[in-house]
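Structure assessment
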Amino acid sequence: MRTYLVTGGAGFIGSNFVLYLLGKHEDVRIVNVDKLTYAGNLENLRSREGDPRHIFVQADICDKAAMEGLFDTYQPDYVINFAAESHVDRSITNPEVFAETNVMGTVTLLNVARKAWETGDGTFGQHKFVQVSTDEVYGSLSLENPEVFFTEDTPLCPHSPYSASKAAADMFVLAYADTFGFPVNITRCSNNYGPYQFPEKLIPLMINNALQHKALPVYGDGLNVRDWLFVEDHCKAIEMVAHNGKLGEVYNVGGHNERENIFIVKAIIAEVSQAVCDPAINETLIGYVTDRKGHDRRYGIDPQKIKRDLGWYPETAFEDGIVKTIAWYLDNPEWVEHVTSGAYQDYYREAYGQ
Ligand code: NAD
Ligand code: DAU
């Protein structure tokens, strides 16, 4: 049986990954370590409550002693490092915590894993450290050259404090591979969407605001482009990289699904309005607001390498994924209420005895 140390497994992508692995494999053990910031919610994992293959530990990845204890106790085969501060807007108003968790947390994990995994001859056996990174480390593409994409060879050029912290972490991960021969892979994925995404990110924010007839804030001219991928396709890519990725390599993950933000917002309005038969959900809710500082214009991933080398491909078309996602939020209004209320988080800390 393989043991995965999944960090940030109570967040959006991490919890989808935990559910994906538990659903796909019988003989798997997941040690899920999460600090439970505002973005981490055990409610995401409620469907697996009592499953002995899932062990949840509330801890900070910056806490060296706690991480050493986890390695001693569970001896993980893999680390999949999702834990991060992930919201660009928050990184503009409060960058320090991004440096702490995203950079220092990653370095702490690398160091603890290196010491735990190193064998007598200085090699690392069958272990693997997968750093879940982002296409934002490459910076921004222009709208004028839509045929240009980010490849793994595109130089890193982060613009926001968030992407700077993720790029710094990537450099540490690669430095551990170069210096110690430490077994790593990095995945750099485009924008994810799907169930359990905290309603501060574009898609869940627009769905929930629309349902409440609240204004839909579109930054700048609404023509910025993001490359959207259904979260389960990202989970599948991470598993493939963990199992078959060539040591030391970076893999870009994306499904060639670039859309202008305003297209996304209008698509959500149309779908939500139809789903709940409410004509008051319409484009008059759209409000153009002051642009995000340093707003990257366009992201676009070239996923050729992961397709060619590992056989990955996205299974969910955007048209299906967005319908599934909206249906999930419509079916789970209590989730939105829970994750946005402090009382909920206190309740769950108590329920898990931590
Ligand atoms: P999220 O904000 O939903 O979840 C982050 C999780 O990390 C939360 O559960 C939080 O409690 C936990 N966490 C934060 N600080 C921690 C700490 N110090 N110690 C332990 N746990 C901590 O984020 P997400 O959208 O699920 O993103 C997960 C990872 O994937 C991040 O590393 C992010 O950079 C990367 N990524 C995200 C996207 C996207 O579109 N969301 C795309 C590409 C890459
Ligand atoms: O590309 C991968 C990245 O995608 C991840 O690394 C990040 O963790 C994740 O948060 C996401 O970053 P973005 O900044 O692209 O996502 P966000 O949902 O915040 O914004 C998507 C686009 O929508 C962006 O161009 C800003 C715009 N936007 C966002 C919000 C929240 C709006 O116009 N209005 C909004 O209210």
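Please refer to the structure higher up on the page.
A few points about the overall build of the protein chain
Secondary structure assignment for the protein chain yields 12 helices and 12 strands. In summary, the protein chain has a C-alpha radius of gyration of 20 Å against a globular reference of 20 Å for 354 residues, a match within 12%. Its C-alpha atoms put the protein chain at 65 × 50 × 35 Å along the principal axes. In the protein chain, which comprises 354 residues, the share counted as buried stands at 55%.

Considering the pairing of strand S5 (residues 128–134)
In terms of burial, S5 is largely enclosed, as seven of its seven residues are buried. Every second residue of S5 is oriented toward a common face, with Lys128, Val130, Val132 and Thr134 on one face and Phe129, Gln131 and Ser133 on the other, all of them buried. Summarising the sheet, strand S4 (residues 78–81) and S5 pair through four bridges and their orientation is parallel. Directly across from Val79, in S5, lies its bridge partner Phe129. A crossover links S5 with its parallel partner strand S6 (residues 184–189), the connecting element being helix H5 (residues 161–180), and its sense is right-handed.

Focus: the sheet that holds strand S10 (residues 250–253)
Reading across from one edge, S3-S2-S1-S4-S5-S6-S10 is the order of the seven strands in this open sheet, with parallel pairing throughout. Either end of the sheet is taken by a strand with one partner, and the two such strands are strand S3 (54–58) and S10. Strand-to-strand twist in this sheet, taken as the mean axis angle between neighbours without regard to direction, amounts to 20 degrees. Pairing of strand S1 (residues 2–7) with strand S2 (residues 28–34), which is carried by six bridges, proceeds in the parallel orientation. Note that in S2 the partner of Thr3 across the bridge is Arg29. Most of the contacts of helix H1 (residues 12–24) go to S2, to which it runs at about 170 degrees, and overall it touches S1, S2, S3 and S4.

Digging into the pattern of salt bridges
Here the structure, examined in full by the defined rule, presents 18 salt bridges. Residue Asp60 pairs with Lys35 through a salt bridge whose shortest N-O separation is 3.4 Å. Of this pair, Asp60 sits in the loop between S3 and helix H2 (64–74) while Lys35 sits in the loop between S2 and S3, placing them 25 residues apart in sequence. A network of salt bridges, in which partner residues are shared, links Arg48, Asp51 and Arg53.

Section: the site of ligand 2
Around ligand 2 sit 23 residues, and of these Thr134, Asp135, Tyr162, Arg292 and His295 come closest. At 2.6 Å, a side-chain N or O of Arg292 approaches an oxygen atom of ligand 2. One of the side-chain N or O atoms of His295 is found 2.7 Å from an oxygen atom in ligand 2. Protein chains shield 94% of the accessible area of ligand 2, which is 680 Å² for the free molecule.

About the criteria used
Residues numbered from 1 in each chain as written. Chains lettered and ligands numbered in written order. Predicted model: local features only at pLDDT ≥ 70, side-chain atom pairs only at ≥ 80, totals over all residues. Heavy atoms only, no water. Helix = DSSP H or I, 4+ residues; strand = E, 2+ residues; numbered from the N terminus. Rg over C-alpha atoms; globule rule 2.2 N^0.38 Å. Buried < 20%, exposed > 50% of the residue type's maximum accessible area, 1.4 Å probe, protein only. Pairing = 2+ DSSP bridges. Right-handed = clockwise from strand over helix to strand, strands pointing away. Axes fitted to C-alpha atoms, helices over the stretch in contact; angles between N-to-C directions. Contact = heavy atoms within 4.5 Å. Salt bridge = Lys/Arg side-chain N within 4 Å of Asp/Glu carboxyl O. Near = heavy atom within 4 Å. Polar contact = N/O pair within 3.5 Å; in protein donor to acceptor, adjacent residues only side chain to side chain. Areas by Shrake-Rupley, 256 points an atom, 1.4 Å probe, with all protein chains shown as cover.

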